Amino acid sequence: MLIKALCDYADKQAAKPDGKKIPDGFAEQDIHYRIVLSEDGELKDIIPFKETVTFKDKKGNDKTKEIPRKAVIPLRTQKPGIDSNYIEHRPLYIFGLNYDKDSFSPDDNTNKARKSHAAFVEHELEFLEGLDSPACTAYRRFVEKWQPENQCENAVLKELGKDIKGAYFGFSIGEEVNYLESDPQIIAKYQKRFFEKNEEKADEVKAVCGILGEKDITARLHDKIKFPGGQSSGCQLVCMNDTAFESYGKTQSYNSSVSEMAMKKYTATFNELLADKSHYCVLGEMVLVWFAMKNNDSAESSFFSKFLMNNSDKESDLMISTMMRYARDGYTADSEVIDKLITDKKVTFYIAGLTPNASRICQKFVYKGNFGDMLDNLIKHQCDLMINESNTRPVYFGGIARELKSPKSTDDKVPAPLMTAIMLAALNNTRYPDALLSTVIRRVKTDSDEENNRYIKLNNIRAGIIKACLNRKYNKEEITMAWNEENRNPAYLCGGLFALYEKIQQDSSGGNLNRTIKDAYFASACSRPASVFPKLAKLAQNHIRKLSEGSEVYYNKLLGAVMNKLDGAFPATLSLDDQGRFIVGYYQMNQKLYKSNKSE
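Residues numbered from 1 in each chain as written. Predicted model: local features only at pLDDT ≥ 70, side-chain atom pairs only at ≥ 80, totals over all residues. Heavy atoms only, no water.

Regarding helix H18 (residues 529-544)
Here H18 contains 16 residues, and its C-alpha end-to-end distance of 21 Å stays within 8% of the 22 Å for a straight helix at 1.5 Å per residue. The set of residues buried in H18 consists of Pro529, Val532, Phe533, Leu536, Ala540, His543 and Ile544. With its buried residues spanning 95° around the axis, H18 presents them on a single face. (Helix = DSSP H or I, 4+ residues; strand = E, 2+ residues; numbered from the N terminus. Expected span 1.5 Å × (residues − 1). Buried < 20%, exposed > 50% of the residue type's maximum accessible area, 1.4 Å probe, protein only. Arc of directions from axis to C-beta.)

Below you can see the structure in the form of structure tokens.
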């Protein structure tokens, strides 16, 4: 489904606003600088080829940055090793120079710079033979004249300096805007070669493409996908690199029945999405990629990205909070807030979760759905996670992932299967995985509240996750937003009672305790109440005697109300779900007690 969706998306993107399509055999490429050549092929200048875009920082302030502009040039090579492109864009090939310690040199340990430039010269001179347009003539003369060892002190290159690293280049001829890749002779000759090369493959394996539905040459090898922060050489989505994966006598990727055309289309599109931060993010072990099936999906992609990570801005928080308020009042994704930003709520939206390795991409999930329905489900997800009426700040998926890790760990990552299950539950409005509940409960029981890292053990997000898991599992609002006097579940009541005991202890000591009953007994009370609570009840009575008469009456009244519902008996053990109820009961009683103190 993902490959078909990528091909369909590529067809949508191929129709540019000016009505022009990217021709077969060509693709868009980021270009950072233009090499300006004279008609004699001399290097006159190198000028930036960038555009300024506006974005919002974490505080919601408008910021600007420069990004490379795109040029439509012949398809880039995917072969490993030294292999030159038509109209090369890589500086090592064009100039044959390494930049190190503020100087240029054609020499390196592997002699790669010299070999790359030699391959560039041979490839381009052969291609330019017979072409005589002014642009082709200037380009040929540049290729013939340029000697790397004589250009180490070139003034234009020295002015560019370290910016040459990681930059891509295009060529411009003369004083006026005259881009080399737009020259009619170059386009005509390249297209002729491209189609001739395809005709040469006529004897290769042909089959009906499982993506495009037409009989065509089947791709033997699939181009590589470059993931952010992953293997620099890239990895493949379709890859049969062992005889164990072969069937019916078909070797390599002939098993996949994906044509060359479909392969080029989906791999190019995939790489474009992974180069655009508005279409991907890294979440734990997974890379998430998303897009809407339309020509310009920037609004939908930007909107969805706001639900993902913790680094969203204040404007995004306010917008999502407003939608949550609308949802609680009975409105859905048809609210005015969304209408101002999203014009097409019926567009099909795709989200893919992937984990790359050295050779192959592992597809964890692919979500396909109506954008408006998905948005409704994400708002319901936010509402379910709310545990405190006064705190309407959204909980992003990145925030959930953080709460599932130990605060003392620096490299711990949430397993991809768990993050996948969480996301699909939110996107489809289904129950959350049991592993989410067990992980959060384990973190609450094992983490500790430290002076310089407070509220790690139990906070709004962790309590909200437990509430959401239980309510969706039992398909009812068993756990409300605040302490529920009507809830008679023994585990829930035990959690509230524990919070009362802790508050009594703190009040009796003036808050000057190095170790509280929470530090000593919380985990065991959460699992085996009957073994702990009788001891806590005796301690609480000793602490109450140290309080004022008014406080003593107040706390005895609260304790009596809870104990009456327990009928004087504590559960021997608590199941995983009941441990969750215990934790939420503890949290909500705490909120009630401290809120009462503030109101007094």
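Looking at the nonpolar core
Judged by nonpolar contacts, the single largest core of 91 residues is most densely connected at Phe304, Phe397, Leu436, Phe533 and Phe582. Looking at this core element by element, the count peaks at 10 residues for helix H16 (residues 490-509). Dropping the residues within four chain positions of it, Phe533 is found in contact with Cys494, Leu497, Phe498, Tyr501, Ala525, Phe570 and Phe582. Of all hydrophobic cores here, the second largest spans 38 residues; its members include Phe95, Phe120, Val143 and Cys152. (Core = buried A, V, L, I, M, F, W, Y, C linked by side-chain atoms within 4.5 Å. Contact = heavy atoms within 4.5 Å.)

Observations regarding the sheet that holds strand E8 (residues 169-173)
Reading across the sheet, the three strands line up as E3-E2-E8 and stay open at both edges, with mixed pairing between neighbours. Each of the sheet's edge strands pairs with one partner strand only, and the pair in question is strand E3 (43-48) and E8. Recorded for the sheet is a direction-independent mean angle of 25° between the axes of neighbouring strands. Pairing analysis gives five bridges linking strand E2 (residues 33-37) to E3, with the strands arranged antiparallel. Each bridged residue has a counterpart across the sheet, and for Ile35 the counterpart in E3 is Ile46. Across the face of the sheet, helix H4 (residues 134-145) comes into contact with E2 and E8 while running at roughly 120° to E8. (Pairing = 2+ DSSP bridges. Axes fitted to C-alpha atoms, helices over the stretch in contact; angles between N-to-C directions.)

Digging into the packing of aromatic side chains
Under the definition given, this model contains 31 aromatic pairs. Chaining the aromatic ring pairs together yields one cluster made of Tyr33, Phe95, Tyr139, Phe142, Trp146, Phe169 and Phe171. The residue whose ring lies beneath Arg34 is Tyr179, and the NZ or CZ to ring-centre distance is 3.8 Å. Here Lys189 stacks its cationic end above the ring of Phe127, 5.6 Å away from the centre of that ring. (Phe/Tyr/Trp six-rings, centres within 6.5 Å; stacked < 30°, edge-to-face > 60°. Lys NZ or Arg CZ within 6 Å of the ring centre and 35° of its normal.)

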